[in-house]
There are 2 protein chains.
Amino acid sequence: MAKYVYDFTEGNRNLKDLLGGKGANLAEMTNLGLPVPPGFTITTEACRHYLAEGTLPAGLDEEIARHLSALEATMGRTLGQTDDPLLVSVRSGAKFSMPGMMETVLNIGLNDESVHGLAKQSGGNERFAWDSYRRLIQMFGKTVLGIDGDHFEHALDELKGDRQDTDLDAGELQSLVETYKGIVREQTGKEFPADPREQMRLAVMAVFDSWNAPRAILYRRQERIPADLGTAVNIVAMVFGNCGNDSGTGVAFTRDPGSGQQGVYGDYLQNAQGEDVVAGIRNTVPLQDLERLDKHCYDELLQIMETLENHYRDLCDIEFTIERGKLWMLQTRVGKRTAAAAFRIATQLVDQGLITLDEAVTRVTGDQLAQLMFPRFDGGAVKNRIAKGMNASPGAAVGKAVFSSERAVELAARGEDVILVRRETNPDDLAGMIAARGILTSRGGKTSHAAVVARGMGKTCVCGAEELEVSVGERRFTAPGGVVVSEGEVISIDGTTGEVFLGEVPVADSPVVEYFERGTSAGAGEETGEQQEASHDDNLVKAVDRIMRHADGVRRLRVRANADTPEDAARARRFGAEGIGLCRTEHMFLGERRQLVEDLVLASGDTERQAALDALEPLQKADFVGIFRAMEGRPVTVRLIDPPLHEFLPDLTDLSVKVALAEAGSGEASDKDRRLLAAVKRLHEQNPMLGLRGVRLGLVIPGLFAMQVRAIAQAAKEVPGARPEIMIPLVAAVQELEAVREEATAILAEVGVDALVGTMIETPRAAVTAGQVAEAAQFFSFGTNDLTQMMWGFSRDDVEAAFFSRYLELGIFGVSPFETLDRDGVGRLVRLATDEGRAVRSDLKVGICGEHGGDPDSVHFCHDAGLDYVSCSPFRIPVARLEAARAALSDNESDTR
Amino acid sequence: MAKYVYDFTEGNRNLKDLLGGKGANLAEMTNLGLPVPPGFTITTEACRHYLAEGTLPAGLDEEIARHLSALEATMGRTLGQTDDPLLVSVRSGAKFSMPGMMETVLNIGLNDESVHGLAKQSGGNERFAWDSYRRLIQMFGKTVLGIDGDHFEHALDELKGDRQDTDLDAGELQSLVETYKGIVREQTGKEFPADPREQMRLAVMAVFDSWNAPRAILYRRQERIPADLGTAVNIVAMVFGNCGNDSGTGVAFTRDPGSGQQGVYGDYLQNAQGEDVVAGIRNTVPLQDLERLDKHCYDELLQIMETLENHYRDLCDIEFTIERGKLWMLQTRVGKRTAAAAFRIATQLVDQGLITLDEAVTRVTGDQLAQLMFPRFDGGAVKNRIAKGMNASPGAAVGKAVFSSERAVELAARGEDVILVRRETNPDDLAGMIAARGILTSRGGKTSHAAVVARGMGKTCVCGAEELEVSVGERRFTAPGGVVVSEGEVISIDGTTGEVFLGEVPVADSPVVEYFERGTSAGAGEETGEQQEASHDDNLVKAVDRIMRHADGVRRLRVRANADTPEDAARARRFGAEGIGLCRTEHMFLGERRQLVEDLVLASGDTERQAALDALEPLQKADFVGIFRAMEGRPVTVRLIDPPLHEFLPDLTDLSVKVALAEAGSGEASDKDRRLLAAVKRLHEQNPMLGLRGVRLGLVIPGLFAMQVRAIAQAAKEVPGARPEIMIPLVAAVQELEAVREEATAILAEVGVDALVGTMIETPRAAVTAGQVAEAAQFFSFGTNDLTQMMWGFSRDDVEAAFFSRYLELGIFGVSPFETLDRDGVGRLVRLATDEGRAVRSDLKVGICGEHGGDPDSVHFCHDAGLDYVSCSPFRIPVARLEAARAALSDNESDTR
């Protein structure tokens, strides 16, 4: 039979799955000999049984009764004993901390009789006893009985009038208890349960139920905590911080969770319970003041903090209560901390000899590193907020509002900071996005074009600020309250919060980005391994440097960049890229070259078409020369053109309207407009994502791929040490690849350049037939964006606005599969294709490109799946390097278990 | 070491893979003791080696030399022997017959010396000897040396003048030989090779090379013959049908390949070689005339034909030559026949006790059955052809040209036959397509909407007739030569050839369709097992009936129909459907109900939306009642609405133009047009195929699926014995299915109706996670159309015109994956999902719906993959029934091997 209840003496910190974080750590502290009130933990397994079956598991009641008896024996009192009652708290505690999400009930065991015993026990403190009783009814009523808390608050407020709660005397509190009992009767049709065991039993079930409260579900979804873990319940003998001025309660950190600095950090509140601190009814004092108030307890606490930090080998966060001069530990856990503190603490602990550098790497995350890379607004500045959108790409940006890509480029060229404001962005806005300090859109979600591209660039972006009406034509937007912002007016946007401010808000640059921009190889100055006199930023950069250097030493996955221009490539190098995994060539057909694409499309024969291609070739060659130079002999994977050609032409509807109006005499349209309209109609596709693109373009338009391959080969010949790799997009069958590969290798041979020829694996069919495809491919690069689209059957452009929020709400996925690689679906094919490809060609190089390459969870997947590299946008490279190391270290961890 | 050469005495008819069809059958006849000229066969394996490596395999030359020596010994002459030469033919012969596609060279062994020996051998027939020699040079020059045949033809014509070739005398032919040798010298820079062994060796390689001649590649692609089989080569001692009037050559069939009737069928040409028959230089005589010309040979031939038919147990086609009164068999094979003959011969052979009914089923194909179901134009009629398009859906149709669906319905209602003519069709044309006798489009390929829907209906369709300019507005089309056809003028279209005729061409209805329309269970009258005096059609129908009855008894796969209306359902029943596998509900939102969809989309709140749904519910319920009644207690799988809602709204571009013109004062637009435009813009999707459709609609639009499920349940309650199965489309994750399933089962319980709830497997992710999906699905139905689109990453609508022809040309696929299920890609996932789904739910019902369900090859795949049923359009049901039986029988065949 399962064991559902563990005394604190029976557990330890490794049993978090079963006992929850709180229970496991209470047991750990108990076994360390620290002063923990006695108690026991009901396991998460019991909770899971309860949630699945709707009843407590058989035998649990008896098991609880047995442990309660032991507790009563230890304490020398019984639960609800009228003259000297044992009171207990019933506290939730899941494996992962979900602060404030679940329920806790204190003072279980009080009723109309035992309240007198409590008064006696507390030296005749009638006020304390009745206050405890009314707190029980209030908490129990709200949490266990589901009564709207406002009823109780309202009754309390009415009684208090203008007074503080401490001004209420015992008689008033006794009458409040009666009022509260009346509320329970009125709201539930039943009496408040006087039986302490029934109180406890109901409270346990209420805590279990709170696992599935809407806010808890939402929180788990956001934090990616599995929905099926359940919570444990801790039954703990009550200790009271509200027995008088020799009592109190507080929280402490073994070092500063904000900066990582060592010292005494925390808050203390005299004559109060923990819930009072949370409610903020009186101001706390700094923990240091406890030394003055209760030197004995203070010294004991500092001693315990040192014990805990050495034992946990990490920053601990602690809750404690002092009951009439006696210190009790109510909780400890490895404490949350800011990103900066995480890096500093990790290296400090190395210096103290508590952890190894390997462990230090596991103590920080890619998300934390990413946070450190974004600029921030000065916290103290005065701000005039005019709207709030989605926090699409973090950071802080200030600049003049501009409404077109051209204008953004123009002003930026004059050295002005601009914010590009659009209803939504498209690939044509790329130049403007690059030129701008930040991007603000009124439409689109977190995976809209603006958001994705901005995150890729590490550029601040607020998107979907629907309160704004953007009029690109009039070069202005209107915010609620009639605020009109015209071109040239300064705005500030916070990509971390989604806020939009009028005017300039002061910004602080990220020292970590400055460090990366200096080039990783340059390092961060001397590392001494000692705490030095230096600025906070300097210490942070040193910590980051130390961890990144170590990370690079332990990771197995290589990290490449998605970079399309020499500038991007150079930045990628500085950020540590070991090559380019995806150089898209689409932009090489944009801008003034659009004209040539139009010529190509309108070409009436081989000669005209070839002329357009011939004109493009030297331009593209120059592009490649720049990129190869920037990469200094590292591999550059060039993807031949992928999007359908009509993407380079004017929009069908716009052009149709223009021509129709012109024909009705209400506008103008050139002869070329008319010819273009015919071409656009001819090339129009119902589903361009599933249309004439990728390898199909290469097979259908003679000379197109050949032009690109020749440009690459010629460029490679010109740059000593260049290592081009030619990547064919959207292959679904090996035959497609064979046809293109043949042409490409002939051109390479003709120019006299060596290059690998490989393929994207981005159609499910390519993955499923990877064994065949590998016969013709020297490398695979998983295009997980397209693969996700085709596996799920939805396109990112179309579905996000339409139903992603609803899907998150329904729990159909906890996170967008475009953000984090979907292991069960896409991931399964990635593994299958990797294994079957390598079975055919043992030296097949396998990587991933696309947004997932810079996502921490996806990097771990790629490591586990045995890929050779991930490729991501330059700004995500440090994140990928760090997460690749963490993935490698977590292998070791499993090895040694 | 491999054996590359087989003497005719060493082979047999089961070695077609190795010896090719011709070689295997020559060996078989040799071993039957029939008069076959001696010879040997070089294997396909040698050919494959040659094609892969570019050289003949090591040892082959020696092996050929050994077999040639044996042949010389048998014949008592040596190759090229000057006084009495052995001559041989070098004949191609692949596993599958590829008539006229590959090369043959006769008279190998002649040169300036041996030509005199041949003259002596033939009793001093100098003319014959020189004619044989010039034929060798001509054939060899063209086939082996690659000289344009016109050079030789030209020289011959010049020599002949106005005379017949038989008028040329020996001297003239001798001078022609010199001329020919001059042509060889001039064109190749070399002498015609005099060495007979070199002639033979070069001829063998030329035959091998001819495997990859463009016409052969094209033929194989059309006939779906694998490209890597290679051809065998037969070296056969020459016999001459052109030695005088006691010689000749002919072809014979053991029964009529056109009708299947028994008797003597064939042609004979006196004093000629086989090539002369092909070239048609003189008229042949009926084979019966041979009795008069050479009674002895005639009797022997009839005897041999009987032997062969009894031995092969099938219709044989035979080539023979008579050399100076001696009959020689040059070739035999199981003969090609028409579809009607196939059925009649199969049942006749059963009656003769030569084959079993099981074998009879394997002797006919679904394609042949389908051919029998289409109406045909009277072959003898005078026709005025005005254009040719693609033969999209076979049959013959005559009617008045109409240019809109409404007009088609209107005229058809008056009892008139119409042909719907459109540039291309869309789902709105459905009513018109149903009403029309045939469909003609000027755009779109074989998998365009018109083609697919027409094939599904068994309706004649010619599509992509690009010569036609269709003006829907002016209700007319223009054909080349200025022919203008206006509404109401009669045209005839032949869906089997793609031809379009002006005026009425007489049509013959298919007796087989009439038979099926009577209902399979009704049978085709008494079966006697004997050849009766009855019309050709009656005999055909009896044969079909007998084979179909037997097929239904042996097949394991069930066959269901894709049917959306009571009429379709009733026809499906008559054609033998065992249920409906796919009842699409899209059409239940079309027609006058479009108005309600617009209300639904424009609804400003829950109440308006629900009102629109409430109005739809009774209408859809009535639809379901009709369908359930028609199916008389058989299962009906209803797919909830799948397409995006904007498909039911006006087109974005059209509406934009309309509103823009109205605003410019050049047209009119209503207020509703403006509101609709806003809605259409809001709902506009870049890639509707990957947009808000299927299960997503159900999850995002409250009440939509519920309305449909309630309509189904209410209808089922009203029709005793109704067996609805509710199918959720486009599921990608089990969570989606769970959410919808929960709502559906609640409604079913509320109404009190039992129904299975299952899902389409049409996203690759659903297939890959089938184990999860099966937890919530009671059945799977593979939607292989969408699955193909998403696996390959191309949409049928967009890609066919753009690149399918190019892909077929490049050999990237031999047949469209939308036509025949792609086994390596889509098929692999179908197997995986079936296996993993059943592992979780052992009674999971698994079927396939969509175009592939009626495709013979795909039906075999479904049988092999262990599916429970296929579902296809009513017209394809007999095909699927037959092919399911053939698949089951081919299992047995493998079992007994």
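It should be noted that the structure appears before, not after, this text.
Within each chain, residues carry numbers counting from 1 in the order of the written sequence. For this description, chains carry letters from A and ligands carry numbers from 1, given in the order in which they are written. This being a predicted model, a pLDDT of at least 70 is required before a residue's local features are given, and a value of 80 or more before pairs of side-chain atoms are given or counted; all residues contribute to the totals for chains, interfaces and linings. Water and hydrogen atoms were dropped before computing side-chain values, which therefore reflect all heavy atoms in the structure.

1. A few points about the layout of surface pockets
Heads up, the rule is: With a 1 Å grid spanning the protein atoms alone, the term cavity applies to any set of points in which a 1.4 Å probe fits but cannot get out, the term pocket to an open set with protein on both sides within 12 Å along at least five of seven lines, and the term lining residue to any residue with an atom within 4 Å of a point. Grid points are joined across faces, edges and corners, and a volume is the space filled by probe spheres set on the points. Under the scheme used here, helices are H or I runs from DSSP no shorter than 4 residues and strands are E runs no shorter than 2 residues, and both carry numbers assigned from the N terminus. Here the nonpolar group is Ala, Val, Leu, Ile, Met, Phe, Trp, Tyr, Cys and Pro; Asp, Glu, Lys and Arg are the charged ones; every other residue, Gly included, is treated as polar.
There is about 950 Å³ of room inside the second largest pocket. Together, 27 residues line the second largest pocket, and Ile812, Phe813, Gly814 and Val815 of chain A together with Gln735 of chain B are the ones closest to its centre. Of all the elements in the fold, those that place two or more residues in the lining of the second largest pocket are helix H9 (214-223) and helix H33 (823-840) of chain A. Of all the elements, H9 of chain A adds the most residues to the lining of the second largest pocket, at 3 residues. Its residues assigned to classes, the lining of the second largest pocket comprises 11 nonpolar, 7 polar and 9 charged.

2. Let's talk about the nonpolar core
Rule in force here: Buried Ala, Val, Leu, Ile, Met, Phe, Trp, Tyr and Cys residues that are joined via side-chain atoms within 4.5 Å together make up what is termed a nonpolar core. A 1.4 Å probe rolled over the protein chains alone gives each residue an accessible area, and that area as a share of the maximum for its type sets the label: buried under 20%, exposed over 50%, partly exposed in between. Residue contacts are defined here by distance: any two heavy atoms, one from each residue, within 4.5 Å place the two residues in contact.
Formed by 303 residues in total, the largest nonpolar core has its most connected members in Phe343, Val544 and Leu704 of chain A together with Phe343 and Val544 of chain B. In contact with valine 544 of chain B, not counting residues within four places along its chain, are Phe343, Leu369, Leu372, Val512, Tyr515 and Phe516 of chain B. Formed by 59 residues, the second largest nonpolar core is a distinct cluster that contains Leu86, Phe128, Leu173 and Leu176 of chain B.

3. Brief notes about the interface of chain B and chain A
What counts here: Once two parts are brought into contact, the accessible area they lose, counted with a 1.4 Å probe and summed over both, makes up the buried area. Just to be clear on terms, a salt bridge is a Lys or Arg side-chain nitrogen sitting within 4 Å of an Asp or Glu carboxyl oxygen.
Of the residues lining the interface, 55 residues belong to chain B; the matching set on chain A comes to 55 residues. Counting each side, the surface lost to burial between chain B and chain A is near 4,600 Å², with a carbon and sulfur contribution of 60%. It is Leu690, Arg765 and Asp798 of chain B in chain B that bury the most area against chain A; as a group they hold 14% of the surface buried on that side. Linking chain B with chain A are 4 salt bridges, by the criterion used here. Salt-bridge contacts for arginine 765 of chain B lead to aspartate 822 of chain A; the nearest nitrogen and oxygen are separated by 2.7 Å. Those elements giving two or more residues to the side of chain B that touches chain A turn out to be helix H24 (652-663), helix H26 (695-700), helix H28 (734-751), helix H29 (764-768), helix H31 (784-792), helix H32 (796-810) and helix H33 (823-840) of chain B. The leading source of residues in the side of chain B that touches chain A is H32 of chain B, at 8 residues. Partitioning the side of chain B that touches chain A into residue classes produces 29 nonpolar, 15 polar and 11 charged.

4. Points about the packing of aromatic side chains
Residues and elements named next belong to chain A. Definition in use: Each Phe, Tyr or Trp ring, with Trp reduced to its six-membered ring, pairs with another whose centre is within 6.5 Å; inter-plane angles below 30 degrees give stacked pairs, above 60 give edge-to-face pairs, and intermediate values give tilted ones. Only Lys NZ and Arg CZ are tested; either one counts as a charge over a ring when it is within 6 Å of the ring centre and within 35 degrees of the ring normal.
Per the stated rule, a full pass over the model turns up 36 aromatic pairs over all chains. Centre to centre, the rings of phenylalanine 516 and phenylalanine 575 are 5.7 Å apart; their planes meet at 40 degrees, and the pair counts as tilted. Note that phenylalanine 516 is positioned in helix H19 (residues 511-517) and phenylalanine 575 in the loop between helix H21 (566-574) and strand S25 (580-584), a separation of 59 residues in sequence. The residue whose ring lies beneath arginine 13 is tyrosine 312, and the NZ or CZ to ring-centre distance is 5.0 Å. The ring of phenylalanine 818 has arginine 796 sitting right over it, with the charged end atom 5.9 Å from the ring centre.

5. A word on the relation of the copies chain B and chain A
Stated precisely, the cut-off is as follows: Here the copies were fitted onto each other by least squares, based on C-alpha atoms from residues at pLDDT of at least 70 in both.
Note on the copies: chain B fits chain A at an RMSD of 0.3 Å, the axial shift is 0.1 Å, and the rotation between them is 179 degrees. In the structure described here, the two chain copies are related by an operation that fits a two-fold rotation axis. Within chain B, the C-alpha atom positioned nearest to the axis of rotation is that of asparagine 687 of chain B, 2.1 Å from it. Most of the interface of chain B is mirrored in chain A, where 100% of its interface residues are also at the interface.

6. Here's the deal with the sheet that holds strand S2 (residues 39-42) of chain A
Residue and element names in this part refer to chain A. Where we set the bar: Here a strand pair is declared whenever DSSP counts at least two bridges between the two strands. For every element, the axis is a line fit to its C-alpha atoms; helices are fit only across the contacting stretch, and the angle between N-to-C directions ranges from 0 to 180 degrees.
Pairing within the open sheet is antiparallel, and its 5 strands lie in the order S1-S2-S5-S3-S4. Each end of this open sheet is capped by a strand with a single partner; those strands are strand S1 (5-7) and strand S4 (104-108). If you compare each strand with its neighbour and ignore which way they point, the axes differ by 20 degrees on average. The pairing of S1 with S2 spans 3 bridges and is antiparallel. Among the inter-strand pairings, aspartate 7 is bridged to a residue of S2, identified as phenylalanine 40.

7. Some words on helix H25 (residues 671-683) of chain A
Residue and element names in this part refer to chain A. Which entries qualify depends on this criterion: One less than the residue count of a helix, multiplied by 1.5 Å, gives the span that helix is expected to have.
The end-to-end C-alpha distance of H25, which contains 13 residues, comes to 18 Å, matching closely the 18 Å that a straight helix rising 1.5 Å per residue would cover. Those residues of H25 that sit buried are Asp673, Leu676, Leu677, Ala679, Val680 and Leu683. Contact partners of the buried residues in H25: helix H22 (594-602) and helix H24 (652-663).

8. Here's the deal with the pattern of salt bridges
If the charged atoms of two oppositely charged side chains come close together, the side chains can form a pair. Applying the stated rule across the entire model yields 115 salt bridges over all chains. Here glutamate 309 of chain A ties to arginine 255 of chain A by a salt bridge, and the two come within 2.5 Å at their closest N and O atoms. Linking glutamate 309 of chain A in helix H12 (residues 295-312) with arginine 255 of chain A in strand S6 (residues 248-255), this pair joins segments that are 54 residues apart in sequence. Each member of the pair glutamate 309 of chain A and arginine 255 of chain A is classed as buried. For aspartate 868 of chain B, the salt bridge goes to arginine 838 of chain B, with nearest N and O atoms at 3.2 Å. Of this pair, aspartate 868 of chain B sits in the loop between helix H34 (856-864) and strand S31 (869-872) while arginine 838 of chain B sits in helix H33; the two residues are 30 residues apart in sequence, bridging distant segments of the chain.

9. A closer look at the environment of valine 350 of chain A
Residues and elements named next belong to chain A. Relative to the elements of secondary structure, valine 350 occurs in helix H13 (residues 339-351). You can call valine 350 buried: its relative accessible area is 15%. Each C-alpha atom, one on valine 350 and one on aspartate 165, is 48 Å from the other, the two residues being 185 residues apart in sequence. Setting aside residues no more than four positions away along its own chain, valine 350 makes contact with Ile355, Thr356, Leu357, Ala360 and Arg546.

10. Observations concerning the packing of helix H22 (residues 594-602) of chain B against helix H23 (residues 606-631) of chain B
Residue and element names in this part refer to chain B. Just so we agree on the cut-off: Convention used here: angles under 35 degrees read as roughly parallel, angles over 145 as roughly antiparallel, angles from 65 to 115 as roughly perpendicular, and any remaining angle as oblique. Here is the rule for handedness: rotate from the far helix to the near one, and if that takes an anticlockwise turn smaller than a right angle the crossing is left-handed, while a clockwise turn gives right-handed.
Across the interface, H22 lies against H23 with an axial gap of 8 Å and an inter-helix angle of 155 degrees. It follows that H22 is roughly antiparallel to H23 by the angle criterion. Viewed along their axes, H22 and H23 form a crossing whose handedness is left-handed. Counted together, Leu596, Asp599, Leu600 and Leu602 of H22 and Glu608, Arg609, Ala612, Leu613, Ala615, Leu616 and Leu619 of H23 form the full contact between these two elements. For the contact of H22 with H23, the residue count by class is 8 nonpolar, no polar and 3 charged.

11. Structural notes on the state of the cysteines
Residue and element names in this part refer to chain A. This is how it is decided: The disulfide criterion is simple: two cysteine sulfur atoms within 2.5 Å.
Going through the model one piece at a time under the given rule, you end up with 0 disulfides over all chains. No disulfide involves cysteine 243; its sulfur sits 13 Å from that of cysteine 297, the nearest cysteine. With a relative accessible area of 14%, cysteine 243 lands in the buried category. The cysteine cysteine 463 is free of any disulfide, with cysteine 461 supplying the nearest cysteine sulfur at 5.0 Å. By relative accessible area, which is 0% here, cysteine 463 ends up buried.

12. Description of the pairing of strand S24 (residues 558-562) of chain A
The two faces of a sheet get side chains in turn, since along a regular strand they alternate between them. Residue and element names in this part refer to chain A. By the criterion of burial, S24 is predominantly enclosed, with 4 of the 5 residues buried. Where S24 meets strand S31 (residues 869-872), 4 bridges bridge the pair, whose relative direction is parallel. Bridge assignment links arginine 560 to a residue of S31, and that residue is serine 871. The pairing of S24 with S25 spans 2 bridges and is classified as parallel. Bridged to asparagine 562 within S25 is leucine 582.

13. As for the side chain of threonine 347 of chain B
Residues and elements named next belong to chain B. Here threonine 347 shows up in helix H13 (residues 339-351). Its relative accessible area of 7% is what places threonine 347 among the buried residues. Excluding its chain neighbours within four sequence positions, the residues that come into contact with threonine 347 are Ala543, Arg546 and Ile547.

14. Brief notes about the packing of helix H2 (residues 44-53) of chain A against helix H8 (residues 196-210) of chain A
Residues and elements named next belong to chain A. In contact at an axis separation of 10 Å, H2 and H8 are set at 80 degrees when each is read in the N-to-C sense. Classed by the angle they form, the pair H2 and H8 counts as roughly perpendicular. Residues Ala46, Cys47, Tyr50 and Leu51 of H2 pack against Met205, Phe208 and Asp209 of H8. Looking at the contact of H2 with H8 residue by residue, the class counts come to 6 nonpolar, no polar and 1 charged.

15. Concerning the sheet that holds strand S1 (residues 5-7) of chain B
All names here are of chain B. Taking strand neighbours across the sheet as the criterion, the 5 strands line up as S1-S2-S5-S3-S4 in an open arrangement whose pairing is antiparallel. The open sheet is flanked by S1 and strand S4 (104-108), the only strands paired with a single partner. For this sheet, the mean inter-axis angle between neighbouring strands, taken without regard to orientation, is 20 degrees. Along the sheet, helix H1 (residues 16-31) makes contact with S1, strand S2 (39-42), strand S3 (88-94) and strand S5 (231-237), crossing S3 at roughly 125 degrees.

16. Overview of unusual backbone geometry
The backbone phi angle of asparagine 107 of chain A is positive, close to 65 degrees, even though this residue is not glycine. Its place among the elements puts asparagine 107 of chain A in strand S4. Using a relative accessible area of 0% as the deciding quantity, one classes asparagine 107 of chain A as buried. Even without glycine at this site, arginine 475 of chain B takes up a positive phi of about 50 degrees. Tracing the backbone through its elements, the reader meets arginine 475 of chain B in the loop between strand S18 (469-471) and strand S19 (476-479).

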